[in-house]
Amino acid sequence: MTAPRIQRLLLTGAAGALGQVLRKGLAPSAERLRLSDRLPLEATEAHEEAIACDLADKAAVDALVAGCDAIVHMGGVSVERPFEEVLEANIKGVFHLYEAARRHGTKRVVFASSNHVIGFHLQTEHLDADAQRRPDGYYGLSKSFGEDVAQFYFDRWGIETVSIRIGSAFPEPANRRMMSTWLSFGDLTRLVEKALLAPKVGHTVVYGVSANRDVWWDTGASAALGFVAQDSSEVFRAKVEALPPVAPDDPAALYQGGAFTAMGPFG
Ligand code: NAI
Ligand code: 15L
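Residues numbered from 1 in each chain as written. Chains lettered and ligands numbered in written order. Predicted model: local features only at pLDDT ≥ 70, side-chain atom pairs only at ≥ 80, totals over all residues. Heavy atoms only, no water.

Re the site of ligand 1
Item 1. Around ligand 1, 26 residues are found, and the nearest of them are L18, D37, S78, Y139 and A169.
Item 2. Measuring from an oxygen atom of ligand 1, one finds a side-chain N or O atom of Y139 at 2.5 Å.
Item 3. Separating an oxygen atom of ligand 1 from a side-chain N or O atom of K143 is a distance of 2.9 Å.
Item 4. Protein burial of ligand 1: of its 830 Å² of free accessible surface, 88% is covered by the chains.
Item 5. Put simply, the parts of the chain that give the shell around ligand 1 at least two residues each are α1 (17-25), β5 (108-114) and α4 (138-157).
Item 6. Broken down by element, the residue count for the shell around ligand 1 peaks at three residues, all from β5. (Near = heavy atom within 4 Å. Polar contact = N/O pair within 3.5 Å; in protein donor to acceptor, adjacent residues only side chain to side chain. Areas by Shrake-Rupley, 256 points an atom, 1.4 Å probe, with all protein chains shown as cover. Helix = DSSP H or I, 4+ residues; strand = E, 2+ residues; numbered from the N terminus.)

If you want it as structure tokens, here you go:
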């Protein structure tokens, strides 16, 4: 095994579903792994350290980032929620993170963006990373803002980012839409590793998706990082197609963002 090239890697959202996957999967990539979430966490391995932090707290995020040479930013609101919640965790949170990265000289960020940045495109469309953004809610808007913050901090301060528009990262696809959008945990981990270690990424936007039969997204940008998807939703096809059918005019069958396009209003 080659020696890790990152001295101290910060993983936000470490208590979340994908954070728990990456906590294990990224262990070989860094000498030290700093785990953070607003939920309490414990370091259980010699290479780990744990710091609780609310991303909405600018001073706390500044202290959290000190000493880290790279960040995998998975923390925040991960579904459609009222704007005020999304504002604190995702919009202020991503600004606090990059501002801290600038102050502390952090060189590379991997940002968990989402397919909900382009959620209002039809499922019949094939998109590359330059496709018009069509966010499908406050959550998608916050991820779109995060991508803009990443671009700005590269153009102005040279901090490199790979923004991964993650499709659906779950143990297995839960419905017909996810047959196209599914990203296996193994492929997620391999993609994040490449995003952390690939040379000269500037700000690159990639789609995070496995090698599914009917993918809606161009995967050239992730291939350029050296990523090769090893899994496919195809092995789950019979199970998913046994589920009750979805009406053709249901948002779940119409739009790339699926049900997110029809959520809200809140209150
Ligand atoms: P999750 O909801 O399981 O994990 C998010 C974590 O962020 C939680 O542990 C939560 O406590 C933490 N968090 C929330 N607000 C916070 C705050 N203000 N300060 C500090 N921590 C806070 O979500 P999951 O599925 O693990 O997703 C991880 C990231 O990937 C999220 O940013 C999500 O938007 C993104 N993503 C996930 C997809 C998926 O299919 N799982 C698809 C597209 C994007
Ligand atoms: C996301 O961005 C969410 O974080 C996740 O919970 C799923 O809903 C996923 O997108 C999806 O579109 O399937």
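Quick notes on the packing of aromatic side chains
Item 1. A complete count under the given rule lists nine aromatic pairs for this structure.
Item 2. A ring pair is formed by W182 and F236, whose centres lie 5.3 Å apart and whose planes are at 80°; its orientation type is edge-to-face. Of this pair, W182 sits in the loop between α5 (176-181) and α6 (185-197) while F236 sits in the loop between α7 (220-224) and α8 (237-241), and the two are 54 residues apart along the sequence.
Item 3. A relative accessible area of 4% means that W182 is categorised as buried. (Phe/Tyr/Trp six-rings, centres within 6.5 Å; stacked < 30°, edge-to-face > 60°. Buried < 20%, exposed > 50% of the residue type's maximum accessible area, 1.4 Å probe, protein only.)

Thoughts on the environment of K194
Item 1. Locating K194 in the fold gives a position in helix α6.
Item 2. Considered as a pair, K194 and F236 are 42 residues apart in the sequence and their alpha carbons are 26 Å apart.

Things to note about the site of ligand 2
Item 1. Around ligand 2, the surrounding shell consists of S78, V79, S114, N115, H116, Y139, G167, S168, F170, R177, M178 and F260.
Item 2. Taking Y139, its side chain carries an N or O atom lying 2.6 Å from an oxygen atom of ligand 2.
Item 3. For ligand 2, an oxygen atom lies 2.6 Å from a polar atom in the side chain of S168.
Item 4. Across the complex, the protein chains shield 82% of the 320 Å² of accessible surface that ligand 2 would expose by itself.

So, the sheet that holds strand β4 (residues 70-73)
Item 1. Taking strand neighbours across the sheet as the criterion, the seven strands line up as β3-β2-β1-β4-β5-β6-β7 in an open arrangement whose pairing is parallel. With partners counted over all chains shown, the strands left at the sheet margins are β3 (48-52) and β7 (203-208), one partner each. Adjacent strand axes in the sheet meet at a mean angle of 20°, parallel and antiparallel pairs treated alike.
Item 2. As defined by bridge partners, strand β2 (residues 30-37) adjoins β3 across five bridges and the pair is classed as parallel. Opposite L35, over in β3, you have A50 as the bridge partner.
Item 3. Against the sheet, helix α3 (residues 83-104) contacts β1 (6-12), β4, β5 and β6 (160-166), and its axis sits at roughly 175° relative to β4. (Pairing = 2+ DSSP bridges. Axes fitted to C-alpha atoms, helices over the stretch in contact; angles between N-to-C directions. Contact = heavy atoms within 4.5 Å.)

So, the pattern of salt bridges
Item 1. Counted according to the given criterion, the structure contains 20 salt bridges.
Item 2. With its nearest N and O atoms 3.0 Å apart, the salt bridge here joins R32 to E49. Within this pair, whereas R32 is found in strand β2, its partner E49 is found in strand β3, the two being separated by 17 residues in sequence.
Item 3. A salt bridge links D214 to R213; the shortest N-O distance between them is 2.9 Å. (Salt bridge = Lys/Arg side-chain N within 4 Å of Asp/Glu carboxyl O.)

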